[in-house]
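A look at the structure
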Amino acid sequence: MVEKWKIALKEFVDNMKLKENAMSKVKGLMESPMLYLSGGSKELFHSNFLYWLGVNFRDAFQQTMTRLLNINATWPEGWEVKREYKHLDFCVTYLKDTGKMRNGESVKKECAFIILENKVKSLPERTQLKRYEKVFEGYNKGCTYAVLSLVKDFPASKYLDENTCWQLHHYDELADVISKYCTADIRKEHHIYISDYCA
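None of these values were measured; they are calculated from a predicted model. (Residues numbered from 1 in each chain as written. Predicted model: local features only at pLDDT ≥ 70, side-chain atom pairs only at ≥ 80, totals over all residues. Heavy atoms only, no water.)

Notes on the nonpolar core
Ranked by internal contacts, the top residues of the largest apolar core, which has 29 residues, are Leu 50, Phe 61, Met 65, Trp 75, Val 92 and Ile 114. Secondary-structure elements contributing two or more residues to this core are α3 (42-56), α4 (58-69), β2 (88-102), β3 (105-119), β4 (144-149), α7 (171-181) and α8 (191-198). In this structure, Met 65 is in contact with Leu 50, Asn 70, Ile 71, Trp 75, Ile 114 and Leu 174, ignoring residues within four places of it in sequence. Grouped together as the second largest cluster of nonpolar side chains are twelve residues, Leu 88, Cys 91, Ala 112 and Leu 168 included. (Core = buried A, V, L, I, M, F, W, Y, C linked by side-chain atoms within 4.5 Å. Buried < 20%, exposed > 50% of the residue type's maximum accessible area, 1.4 Å probe, protein only. Helix = DSSP H or I, 4+ residues; strand = E, 2+ residues; numbered from the N terminus. Contact = heavy atoms within 4.5 Å.)

What to know about the packing of aromatic side chains
For the coordinates displayed, the defined rule picks out eight aromatic pairs. Relative to Trp 166, the ring of Tyr 145 has its centre 5.1 Å away and its plane inclined at 55°; by these criteria the two rings are tilted. On the criterion of sequence distance, the pair formed by Tyr 145 in strand β4 and Trp 166 in strand β5 (residues 166-170) is long-range, its members being 21 residues apart. By the burial criterion, Tyr 145 is buried, and Trp 166 matches it. Ring pairing ties together the aromatic residues Phe 61, Trp 75, Trp 79, Phe 90 and Phe 113, which thus form one cluster. Positioned over the ring face of Trp 79 is Arg 58, at 3.7 Å from the centre of the ring. In this structure, Lys 109 packs its charged tip against the face of Tyr 139, placed 5.1 Å from the ring centre. (Phe/Tyr/Trp six-rings, centres within 6.5 Å; stacked < 30°, edge-to-face > 60°. Lys NZ or Arg CZ within 6 Å of the ring centre and 35° of its normal.)

Some details on unusual backbone geometry
For Asn 70, which is not glycine, the phi torsion reads 55° and is therefore positive. Assignment of secondary structure puts Asn 70 in the loop between α4 and β1 (80-85). Judged by its relative accessible area of 57%, Asn 70 falls in the exposed class.

What to know about the pairing of β3
Extensive coverage of β3 is indicated by the burial of eleven of its 15 residues. Relative to β3, β2 is paired through ten bridges, and the arrangement is antiparallel. Looking at β3, one finds that Thr 93 is bridged to Ala 112. The turn linking β2 back onto β3 is made up of two residues, and Asn 103 within it adopts a positive phi angle of 55°. Taken together, β3, helix α5 (residues 126-133) and β4 form a β-α-β motif whose crossover is right-handed. (Pairing = 2+ DSSP bridges. Right-handed = clockwise from strand over helix to strand, strands pointing away.)

Laid out in structure tokens, this is it:
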């Protein structure tokens, strides 16, 4: 009888600690400007944050994406970040010489280096991901495809595990990589935004 009482008391205390921890996080979130800045589309918010990082702090962005997505390839010269481009949430593109000439100038073709799909309100669907694979068809060799999601276990996750094309990552993984590797390259006045985003 005493043993059951001890177990029940321990479970109660553990639950209270979890609730206190959760309430502390909620309070911190309510005080963060990031909550209010992200009041529109949650997926667009994440794309906008990554875009801000990629435009303003290229080295930090490159290091973040390389570590998160396990990119072994050399980043192409002149890469650009784009959001809400060709129906994609977020992508990194570059121009590649096609070897053809037009009007005395080298013809370049836009290629994909990273295609990233944000999933906050819904789950990734196989048909949608297949459609995204075709956006840069013929110009996506070596492209890294990734889904950022709030959940990692859902019906289509088996497809992502079996398909070598798409990686599945949780937003917590992104936050961990950003908090570990970004702040050194980012101006001090922006550290609070990075911390809020990662919280």
